Amino acid sequence: MSGAAAARDQIRIVGSSTVFPFSSTVVERFAQGGKFKAPILESTGTGGGFRLFCTGIGADTPDATGASRAMKASEFDTCQKNGVEGITELVIGFDGLTISQNKNGPKIALTKAQLFQALAKEVEANGQVVANPYKTWDQIDPSLPKVQIEVLGPPPTSGTRDAWVELVMEAGCKEFPAIKALDKARHDAVCKTMREDGAFIEAGENDNVIVQRLEGNPNAFGIFGYSFLEENVDKLRGVPVGGVEPKYETIASGQYPVSRPLFVYFKNQHMGVIPGLKEFLAEYASERAMGDDGYLADKGLVPLPDDKRKAAEQSALKMSPMAKPAS
């Protein structure tokens, strides 16, 4: 790492498109301090961010990565193998995963089971596991609108996709006895595999692309984090899931059933070498950023409860290296 400071005088952050708007706000505030250059921020998706972050130590590797899920044990192992030995994990707050639509679209409320039926490659029908036959929402349930199923969502490299599969698809899958009866490998494949016949459309890592597509098509739906719904609330509305609307209050209270924590990971070995990195971590972890009245809440981040936020801040400022994740 010697000579890295001379090679690079700007912090470099990669990672999740969901965390990107929060990081860009911290970057802006940090740069306003005038002591350090504004960090360079790149949206690569959560999986892509971890890949870049874990390639090693040095000026040609990122200093930090945003993630819309926790680091996996396999990613941690890759980091260690490549010499990234001390990693600080900062939990920055919560995000609700929304399925959103154009305000002019047909009003709809969905359950996790219905979302599974709409989006899985294979579903249960008449006691059998079959290729997904549903073309319109009313075929799943007559009370739903008679419009074509068209849902835009993130690719497999996205932490949003990982979280959607875990929190919605796998949960909805549990409602179907024929799927429950499958052996583990087959069960996992059915519960986790999104359909590939055009009803679910992978729209890339840029959530703004999904927002634009929804503006142009009132019958389409999009999957993205609550902050993007918050930014576009004049044009879009969130679909209630399990009878609960995605709102700041329902996500903070844990009532909304599709929410997840967000993270930023920092390389301890780059601290004190890349100018401003320690100070940038302190800005990110501060109450003025992450607190109840912090500037990230204005961007749609749902803050952690006070005790957890203070613990996250203290752990980050000590740069306590994270332990290997359980899975």
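Structural notes, computed from the coordinates. (Residues numbered from 1 in each chain as written. Predicted model: local features only at pLDDT ≥ 70, side-chain atom pairs only at ≥ 80, totals over all residues. Heavy atoms only, no water.)

Section: the overall build of the protein chain
Each helix and strand counted, the protein chain has 15 helices and 11 strands in total. A compact globule built from 327 residues should have a C-alpha radius of gyration of about 20 Å, and the protein chain, at 21 Å, falls within 12% of that. For the protein chain, the C-alpha atoms occupy an extent of roughly 65 × 45 × 35 Å along the three principal directions. When contacts within the protein chain are restricted to residue pairs at least 6 apart in sequence, long-range pairs at least 24 apart make up 74% of them. Here the protein chain displays about 13,800 Å² of accessible surface, and carbon together with sulfur accounts for 49% of that area. Charged side chains in the protein chain number 36 positive and 41 negative. The centres of these two groups are separated by 2 Å. (Helix = DSSP H or I, 4+ residues; strand = E, 2+ residues; numbered from the N terminus. Rg over C-alpha atoms; globule rule 2.2 N^0.38 Å. Contact = heavy atoms within 4.5 Å. Areas by Shrake-Rupley, 256 points an atom, 1.4 Å probe, with all protein chains shown as cover. Lys, Arg positive; Asp, Glu negative; His and termini not counted. Charge placed at Lys NZ, Arg CZ, Asp CG, Glu CD.)

A word on the layout of surface pockets
Estimates place the volume of the largest pocket at around 410 Å³. As for the largest pocket, its lining consists of 18 residues, of which Arg69, Ala70, Asp162, Ala163 and Glu166 are closest to the centre. Only α7 (159-173) and β11 (259-267) provide two or more residues apiece to the lining of the largest pocket. Among the elements that take part in the lining of the largest pocket, α7 stands out by supplying six residues, more than any other. For the lining of the largest pocket, the residue count by class is nine nonpolar, two polar and seven charged. (1 Å grid on protein atoms, 1.4 Å probe; cavity = no way out; pocket = protein on both sides within 12 Å on 5 of 7 lines; lining within 4 Å. Points joined across faces, edges and corners; volume = space filled by probe spheres on them. Nonpolar A, V, L, I, M, F, W, Y, C, P; charged D, E, K, R; others polar.)

With respect to the state of the cysteines
Inspection of the entire model under this criterion finds two disulfides. In this model, Cys54 is linked to Cys79 through a disulfide, with the two sulfur atoms separated by 2.0 Å. Disulfide Cys54 to Cys79: torsion about the S-S bond roughly -75°, handedness left-handed. You can see Cys54 sitting in the loop between α3 (46-53) and β3 (64-67) and its partner Cys79 sitting in helix α4 (residues 73-81), a full 25 residues away along the chain. Like Cys79, Cys54 is buried. One disulfide in the model links Cys173 with Cys191; its S-S distance is 1.9 Å. Taking the sign of the S-S torsion, about -55° here, the bridge from Cys173 to Cys191 comes out left-handed. In this pair, Cys173 sits in helix α7 while Cys191 sits in helix α9 (residues 184-192), placing the two residues 18 residues apart along the sequence. Residue classification places Cys191 among the buried residues on the basis of a relative accessible area of 3%. Disulfide partners in the protein chain, listed by the sequence order of the bonded cysteines, are 1-2, 3-4. (Disulfide = S-S within 2.5 Å. Buried < 20%, exposed > 50% of the residue type's maximum accessible area, 1.4 Å probe, protein only.)

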